[in-house]
Amino acid sequence: MPIILAIESSCDETSVAVCNNGKITANVIANQTIHENYGGVIPELASRVHQQNIVPAVQQALSIAKVNKNELNGVAFTQGPGLLGALLVGVSFAKSFALALDLPLISVNHMQAHILAHFIDEPKPKFPFLCLTVSGGHTQIVLVKDYFDMEIVGETLDDAAGEAFDKTAKILNLPYPGGPLIDKHAQQGNPLAFKFPEPQIQGLNYSFSGFKTAILYFIRDRQKENPSFVEQNLADICASVQYSIVNILLNKLKKAAKQYDIKEIAIAGGVSANSGLRNTLSDMKDSLGWNVYIPAFQYCTDNAGMIAIAGYQKFLAGDFVGQDVSPMARMNF
Ligand code: KG4
Ligand code: ZN
């Protein structure tokens with residue numbers, strides 16, 4: 001007790017998980033490869049593919065978890081933030097399923113769930129901790145005081161870190177989503193080959209739009225001299241871009257850790273799968289005296305396992321919502 005079914009459909013992954021008494025026993029992720037043809041997520045297509053995937057994904061998750069739907073105690077779902085049409089599919093499914101089986105409904109904030117993914121496996125961070133949440137749509141430094149008591153202490157003023165990776169990949173003619181490909185090429189390159197400017201932003205906030213423009217101009221200028229510049233230097237460009245983004249992210253995280261005098265430090269979200277970020281953080285933790293928490297790969301990018309663990313905590317707290325709930329494209333903590 002309790003057994004929670006969780007649904008995630010905020011962007012281009014249809015994911016369904018089962019949490020059985022705090023343990024994730026299934027985490028099915030149906031990726032939508034169709035968007036690769038368009039160089040980015042097409043919201044209307046994402047909704048349609050969620051519609052096709054959701055029932056098979058639920059059946060598969062229940063089968064992997066060896067759970068009959070009549071044994072479930074609650075249905076958790078991502079209410080937002082995300083693409084409205086994509087969220088609608090998951091929210092509508094969760095509401096119908098809960099209504100049919102007379103189960104309580106649990107609303108989960110996607111960004112909180114990225115952070116709560118740290119409570120799936122050991123070691124778990126101790127409150128209060130700081131979490132750098134870096135995804136395709138968000139870049140936030142969050143002060144986590146309790147499961148659902150979180151405060152954003154720094155965030156991007158424009159593009160997210162994931163967008164900086166994906167837009168650089170686009171400039172380099174790499175397919176969408178480019179973040180993992182930059183990571184892959186970077187592993188063969190020299191991170192100090194090229195230097196990109198660090199944005200000078202006050203306090204704990206970030207900005208990546210100028211950074212992206214700097215890369216665009218850098219590539220354009222080099223290609224004027226040598227049209228094959230990108231092809232000949234791909235690994236070095238990727239390694240240098242990744243090195244710069246990781247430095248920008250970690251410099252502000254260091255500043256936040258100092259300001260709040262906190263040494264429990266976590267990362268979360270799709271970009272926390274980046275090997276440069278993971279390795280640099282692991283390397284610097286001893287000199288800073290930090291306890292560092294890095295999620296398992298399967299819980300970095302969008303997944304319903306994180307929705308299930310957040311749903312489990314809300315179930316224990318008796319925090320439920322009614323059938324009048326609706327998705328929210330923008331959603332605060
Ligand atoms: O959390 P997520 O799956 O979806 C959102 O909620 O946005 O994050 C997706 C983002 C994309 O921008 C993707 O390129 C980036 O995470 N990403 C990576 C890596 N894996 C995923 N960026 C850099 N290196 C990676 N290995
Ligand atoms: Zn996400």
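Cut-off values and rules
- Throughout, a residue's number is its position along its own chain's written sequence, starting from 1.
- Lettering for chains starts from A, numbering for ligands starts from 1, and both go in the order in which the items are written.
- Reporting in this predicted model follows two pLDDT cut-offs: at least 70 for local features of residues, and 80 or more for side-chain atom pairs to be given and counted; totals over whole chains, interfaces and linings ignore these cut-offs and use all residues.
- For every residue, the predictor reports its confidence as pLDDT, a number between 0 and 100.
- Helix axes are fitted only over the stretch in contact, all axes being lines through C-alpha atoms; the angle between N-to-C directions runs from 0 to 180 degrees.
- Secondary structure elements are defined from DSSP: runs of H or I of at least 4 residues count as helices, runs of E of at least 2 residues count as strands, and each element is numbered from the N terminus.
- Should an angle fall under 35 degrees it is taken as roughly parallel, and over 145 as roughly antiparallel, whereas 65 to 115 is taken as roughly perpendicular and any remaining angle as oblique.
- By definition, turning the near helix anticlockwise from the far helix through less than a right angle yields a left-handed crossing, and turning it clockwise yields a right-handed one.
- Two residues qualify as being in contact provided that their C-beta atoms, derived from the backbone, are within 7 Å of each other.
- Residue polarity follows a fixed list, in which Ala, Val, Leu, Ile, Met, Phe, Trp, Tyr, Cys and Pro are nonpolar, Asp, Glu, Lys and Arg are charged, and the others, Gly among them, are polar.
- When DSSP finds two or more bridges between a pair of strands, those strands are recorded as paired.
- For the exposure call, what matters is how many other C-beta atoms sit within 10 Å of a residue's own: 20 or more marks it buried, 12 or fewer exposed, and in between partly exposed, using C-beta atoms placed from the backbone.

1. Comments concerning the confidence of the model for the chain
Right, on to step 1. For the chain, mean pLDDT is 97; residues scoring 70 or higher make up 100% of the total.
Right, on to step 2. This complex was scored by the predictor with a pTM of 0.96 and an ipTM of 0.99.

2. With respect to the packing of helix α5 (residues 179–186) against helix α7 (residues 229–260)
Right, on to step 1. Orientation of α5 relative to α7, taken along the N-to-C sense of each, is 115°, at an axis distance of 7 Å. What the angle tells us is that α5 and α7 run roughly perpendicular. Note that α5 runs across α7; the crossing there is left-handed. Here Ile182, Asp183, His185 and Ala186 of α5 lie close against α7, whose contacting residues are Leu234, Ala235, Cys238, Ala239, Val241 and Gln242.
Right, on to step 2. Residues of the contact of α5 with α7, tallied by class, amount to seven nonpolar, two polar and one charged.

3. What about the sheet that holds strand β2 (residues 13–20)?
Right, on to step 1. One open sheet holds the five strands; their spatial order is β3-β2-β1-β4-β5, and the pairing between them is mixed. Two strands lie at the open edges of the sheet, namely β3 (23–31) and β5 (105–109), each paired on one side alone. For this sheet the average axis-to-axis angle between neighbouring strands, irrespective of direction, equals 20°.
Right, on to step 2. Together, β2 and β3 form the strand contacts of helix α1 (residues 43–65), whose direction differs from that of β2 by roughly 25°.
Right, on to step 3. Sheet contacts for helix α9 (residues 305–317): β1 (3–8), β2, β3, β4 (74–80) and β5; angle to β1, the most-contacted strand, approximately 135°.

4. Considering unusual backbone geometry
Right, on to step 1. Here the residue pair Met1 and Pro2 is connected by a cis peptide bond, since its omega of -15° sits within 30 degrees of zero.
Right, on to step 2. With respect to the helices and strands, Pro2 occurs in the segment before β1.
Right, on to step 3. In this model, Phe127 is joined to Pro128 through a cis peptide bond whose omega is -10°.
Right, on to step 4. By the secondary structure assignment, Pro128 is in the loop between α3 (110–116) and β6 (129–134).
Right, on to step 5. A positive phi angle is found at Asn21, which is not glycine, with a value near 50°.
Right, on to step 6. Relative to the assigned elements, Asn21 resides in the loop between β2 and β3.
Right, on to step 7. On the neighbour-count criterion, Asn21 (11 C-beta atoms within 10 Å) is exposed.
Right, on to step 8. For Lys66, which is not glycine, the phi dihedral falls at a positive 55°.
Right, on to step 9. You can see Lys66 is positioned in the loop between α1 and β4.

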